[in-house]
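Take a look at the letters that make up each chain.
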Amino acid sequence: MIKQHPLKGSNRLKLGVFSANADGGLAITDVPERWTASWQDNLTAAQIADRAGLEFFLPIARWRGFGGKNRVREWSFETFTWAAALAAATEQIGLFMTVHVPLLHPLYAAKSLATVDHISQGRAGLNIVCGWNPKEFGMFGVPLVEKGYDQAAEWLDIVERVYASDEPVDFNGSYYALKGAVSRPASLQTPRPVTMNAAFGGPGRDFAAGHCDYLFTTFTEISDAGKHVADIGERSAKQGREVGVYTVCHVVCRETQAEAEDYYTRYAVTMADHAAVDDHMAGKKEFSQSHDRDAYDRYRQRFAGGAGSYPLIGTPDKIAEEMIAIAEQGYAGIALSFVNYTQELPYFCDRVLPILKKAGYRG
Ligand SMILES: Cc1cc2nc3c(=O)[nH]c(=O)nc-3n(C[C@H](O)[C@H](O)[C@H](O)COP(=O)(O)O)c2cc1C
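Residues numbered from 1 in each chain as written. Predicted model: local features only at pLDDT ≥ 70, side-chain atom pairs only at ≥ 80, totals over all residues. Heavy atoms only, no water.

Excluding glycine, a negative phi dihedral is what most residues carry, and trans is how most peptide bonds are arranged. Of note, the bond from Arg 184 into Pro 185 is cis; its omega dihedral lies within 30 degrees of zero at 5 degrees. Checked against the element boundaries, Pro 185 lands in the loop between β6 (177–181) and β7 (194–198). In this chain, Thr 190 is followed by Pro 191 through a cis amide linkage whose omega measures -5 degrees. Take Pro 191: it is sitting in the loop between β6 and β7. The backbone phi angle of Gln 121 is positive, close to 55 degrees, even though this residue is not glycine. Residue Gln 121 is classed as partly exposed on the basis of its relative accessible area, which comes to 47%. (Helix = DSSP H or I, 4+ residues; strand = E, 2+ residues; numbered from the N terminus. Buried < 20%, exposed > 50% of the residue type's maximum accessible area, 1.4 Å probe, protein only.)

Spelled out as structure tokens, the structure:
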């Protein structure tokens, strides 16, 4: 019997680590301690998170960077092979792979995903993205498809069908035509590993509502972050399903509020890699709807600090309080990024997790 996937566990607020596989993590900064995403550091960060009982380790899918001084994100580990290696080196944490649907054939993905599910004994997870960066897709000679989520629905359907069927599968869709497809082994999790879809706009939400276990999305302010949860709740109810919502935050956790705020200013304003921030924000604003529209204009520091995600900056008490507020808005979990994961995770885990436990949000 495989164990229950950590995302299906009983903690009211699930926590994980996002984007450690890529240069900079989510930050775009030139501080000397910036994350360079070496393999050894990825391994150490995953083992810290695993031992601390965090539920998941989630990579970003990135094929090219945003220029600037450090060519931030140009260096990133491919996520199936990365998760496979981490699966063999961890005990209990959920290991996600993030895949651009248009760039990987579903049969290839089905086999790779099942391989990681077997290595990890049922801890694999799939994060589906349709992508937004035309320069990145241009590297593959693949155009950004307008109806990416229609393709994603076919893609995931194929993965599920080949796992479920003992007979070869024929598939005739708008995007894929397969003859006699088989994929063994199937994943250990049935009918497939847990899935999330990273999206913000309506079509992405409808895809998540109809096909995935979770939506992974952003919000701008905690006070009205619940509107996104309510929206996905309505969309999934229409399809007779229930879909949880995860979000992403960047973290600076320090003994005093002043220390945390000073460091946030230092890495995400004073020492930001400004040329890369400009490139990233301009591309995202033009081609991606992954945030509220005004977020692009109002929050340059958030883009330098954590790709436009919400900042959790302060003492352990303040950060725990804000996390609880996010949970109270209906979010099932938060994916976290740090300037330097191996340096900052231990303090975060030692100091914030006990507060969340005491408050009943984690066991
Ligand atoms: C929380 C979150 C994480 C994302 N992660 C990635 C990623 O790893 N790689 C990528 O190319 N796009 C990523 N995206 C962008 C989506 O793939 C998508 O292009 C973007 O959200 C715009 O499309 P949408 O309106 O359908 O959401 C992410 C989006 C969100 C909201």
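Let us now look at the nonpolar core. Grouped together as the largest cluster of nonpolar side chains are 83 residues, with contacts concentrated most on Leu 15, Phe 57, Trp 155, Met 323, Leu 336 and Phe 348. Look past the residues within four positions of Leu 336 in its chain and what remains in contact with it is Leu 15, Gly 16, Val 17, Phe 18, Cys 249, Val 251, Leu 312, Met 323, Tyr 341 and Phe 348. Counting residues in hydrophobic clusters, the runner-up holds 21 residues, among them Ala 272, Met 281, Ala 304 and Val 339. (Core = buried A, V, L, I, M, F, W, Y, C linked by side-chain atoms within 4.5 Å. Contact = heavy atoms within 4.5 Å.)

Its location among the elements puts Arg 192 in the loop between β6 and β7. The exposure class assigned to Arg 192 is buried, which follows from its relative accessible area of 8%. For the pair Arg 192 and Ala 124, spaced 68 residues apart in sequence, the C-alpha to C-alpha distance is 9.4 Å. Apart from residues lying up to four places away in sequence, Arg 192 is in contact with Leu 156, Glu 160, Tyr 163, Ser 187, His 211, Cys 212, Asp 213 and Arg 241.

On to the state of the cysteines. Scanning the model with the defined rule gives zero disulfides in all. Between Cys 249, a cysteine without a disulfide, and Cys 253, which holds the nearest cysteine sulfur, the sulfur-to-sulfur distance is 13 Å. Cys 249 gets classed as buried once you look at its relative accessible area, which sits at 0%. Between Cys 253, a free cysteine, and Cys 349, which holds the nearest cysteine sulfur, the sulfur-to-sulfur gap is 9.9 Å. For Cys 253, a relative accessible area of 5% corresponds to the buried category. (Disulfide = S-S within 2.5 Å.)

Turning next to helix α2 (residues 79–89). Those residues of α2 lying buried are Thr 79, Phe 80, Trp 82, Ala 83, Ala 84, Leu 86 and Ala 87. On its buried side, α2 packs onto α1 (39–52), β2 (56–58), β3 (94–100), α3 (106–119) and β4 (124–129). The residue sitting at the N-terminus of α2 and contributing the capping side-chain oxygen is Glu 78; that oxygen lies 2.9 Å from the backbone nitrogen of Phe 80. (Polar contact = N/O pair within 3.5 Å; in protein donor to acceptor, adjacent residues only side chain to side chain.)

Here we come to the site of the ligand. Every one of the 19 residues lining the ligand counts as a neighbour, but Ala 61, Arg 62, His 100, Tyr 149 and Phe 200 are closest to it. Separating an oxygen atom of the ligand from a side-chain N or O atom of His 100 is a distance of 2.6 Å. The separation between an oxygen atom of the ligand and a polar side-chain atom of Tyr 149 is 2.6 Å. Coverage of the ligand by the protein amounts to 93% of the 610 Å² it exposes when considered alone. Put simply, the ligand lies in the largest pocket. (Near = heavy atom within 4 Å. Areas by Shrake-Rupley, 256 points an atom, 1.4 Å probe, with all protein chains shown as cover. 1 Å grid on protein atoms, 1.4 Å probe; cavity = no way out; pocket = protein on both sides within 12 Å on 5 of 7 lines; lining within 4 Å. Sits in = over half its atoms within 2 Å of the grid points.)

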